[in-house]
Structures are given as C-alpha cells and as structure tokens.
Amino acid sequence: MARQQFTPEQQSVRVLKVGERVRHILSELLSRQEVHDDTLTAHSVSVTEVRMSPDLRNAAVYVKPLLGEDEAVVIKALRVNTAYFQREVAKRLGLKFAPKLNFRGDESFDEAERIERLLNDPKVVRDLGADDA
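Residues numbered from 1 in each chain as written. Predicted model: local features only at pLDDT ≥ 70, side-chain atom pairs only at ≥ 80, totals over all residues. Heavy atoms only, no water.

Q: What should I look at first to understand the packing of helix α1 (residues 13-31) against helix α4 (residues 82-93) in this one?
A: The geometry of α1 relative to α4 is characterised by a closest axis approach of 10 Å and an angle of 125° between their N-to-C directions. One way to sum up the angle between α1 and α4 is to call them oblique. The handedness of the crossing between α1 and α4 is right-handed. Listed contacts from α4 to Val 18, Arg 21, Val 22, Ile 25, Leu 26, Glu 28, Leu 29 and Leu 30 of α1 are Tyr 84, Phe 85, Glu 88, Val 89, Arg 92 and Leu 93. Tallied by class, the residues present in the contact of α1 with α4 amount to 10 nonpolar, no polar and 4 charged. (Axes fitted to C-alpha atoms, helices over the stretch in contact; angles between N-to-C directions. Helix = DSSP H or I, 4+ residues; strand = E, 2+ residues; numbered from the N terminus. Parallel < 35°, antiparallel > 145°, perpendicular 65-115°, else oblique. Left-handed = near helix turned anticlockwise from the far one by under 90°. Contact = heavy atoms within 4.5 Å. Nonpolar A, V, L, I, M, F, W, Y, C, P; charged D, E, K, R; others polar.)

Q: Please clarify how the side chain of Lys 64 should be interpreted in this entry.
A: Topologically, Lys 64 is positioned in strand β2 (residues 58-65). Here Glu 71 takes part through its side chain, which lies 3.2 Å from a polar atom of the side chain of Lys 64. (Polar contact = N/O pair within 3.5 Å; in protein donor to acceptor, adjacent residues only side chain to side chain.)

Q: Just checking my understanding: could you explain α4 for this structure?
A: Turn by turn, an α-helix covers 3.6 residues, leaving residues three or four places apart pointing in a common direction. With 12 residues, α4 ought to run about 16 Å at 1.5 Å a step, and its terminal C-alpha atoms sit 16 Å apart, in line with that. Every buried residue of α4 is accounted for by Thr 82, Phe 85, Glu 88, Val 89 and Leu 93. End-on, the buried residues of α4 take up no more than an arc of 130°, which puts them together on one face. Along α4, exposed side chains directed more than 90 degrees from the buried face belong to Arg 87 and Lys 91. In this structure, the buried residues of α4 make contact with α1, α2 (38-42), α3 (71-80) and β3 (100-105). Immediately downstream of α4, the backbone of Gly 94 shows phi near 75°, a positive value. (Expected span 1.5 Å × (residues − 1). Buried < 20%, exposed > 50% of the residue type's maximum accessible area, 1.4 Å probe, protein only. Arc of directions from axis to C-beta.)

Q: Please explain the environment of Leu 56 as it appears in this structure.
A: Mapped onto the elements, Leu 56 comes out in the loop between β1 (45-52) and β2. The exposure class of Leu 56 is buried, given its relative accessible area of 7%. Residues Leu 56 and Leu 95 lie 39 residues apart in sequence; the distance between their C-alpha atoms is 9.0 Å.

Q: Is there a simple way to think about unusual backbone geometry in this case?
A: Note: most peptide bonds trans; most residues except glycine with negative phi. The phi dihedral of Gln 33 is positive, around 50°, even though this residue is not glycine. Mapping Gln 33 onto the fold places it in the loop between α1 and α2. One non-glycine residue, Leu 56, adopts positive backbone phi at about 65°.

Encoded structure:
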C-alpha cells in the first residue's frame, strides 16, 4: 500500500515549521560545502521544499541542481551522504528522533515549463483571445 502524501494544507503548523527548518539546515550545509563530496562541491544545489510526515520521522527533500544539470548524479551523491545530513539535522534541530531523509528531484519546474508551453500553444492562445473579446 502506498504511503499517503500530505499537502501543506493538511499539515499542522509544527510539521510545516520543522520542515522549513530542515530545509534551511540542508541549504546551509550545501551552500557552505560542509559535505566532503566532489560531486556536491562541484554543483550548486537548491533545496526547494521539505515535506515532513506527521510524526516527524520521515522527510521528503526536494532538490534541484542549478540549471538542472546532472540532476541524477547530484541526487545519487546526496543519497550516498544521507547519514551525514541526518546527523547534522538531528544535532541542529534537537528533536527526539532524527527524521529519515529521502532526497528526490523537484519536478515542479518541469511541470511549470510544460504548462507554460501549453498556454503558449497557438490553439490555446486563439481560444483565450476569443474569450477576451
């Protein structure tokens, strides 16, 4: 059975705050290049969102390398260094349990680009223009 994915509207304020703190911690670790990994040092990685489970034990971390270059390689490097990231997050958060981090590529940029292409399609532009008249 698939795990239920909670939207931000369904989460408590505490869960959202913890997710945002985890995002800031991971962003700081990556921007300061505190991870001793050649792949992560060579790429600028943005942590776009962190979705926490309601019990705060799991975190889906959505990342995007600058310009989307070598996304698969960067995500693999992040997964290899997951133990380090979990230790640092646990130390800086001070929670009873360290959240298990699951790094994923952020597909929202690709989806936004797809929607933009659809809206710029001549057929759609023509239909939208007809409504404005």
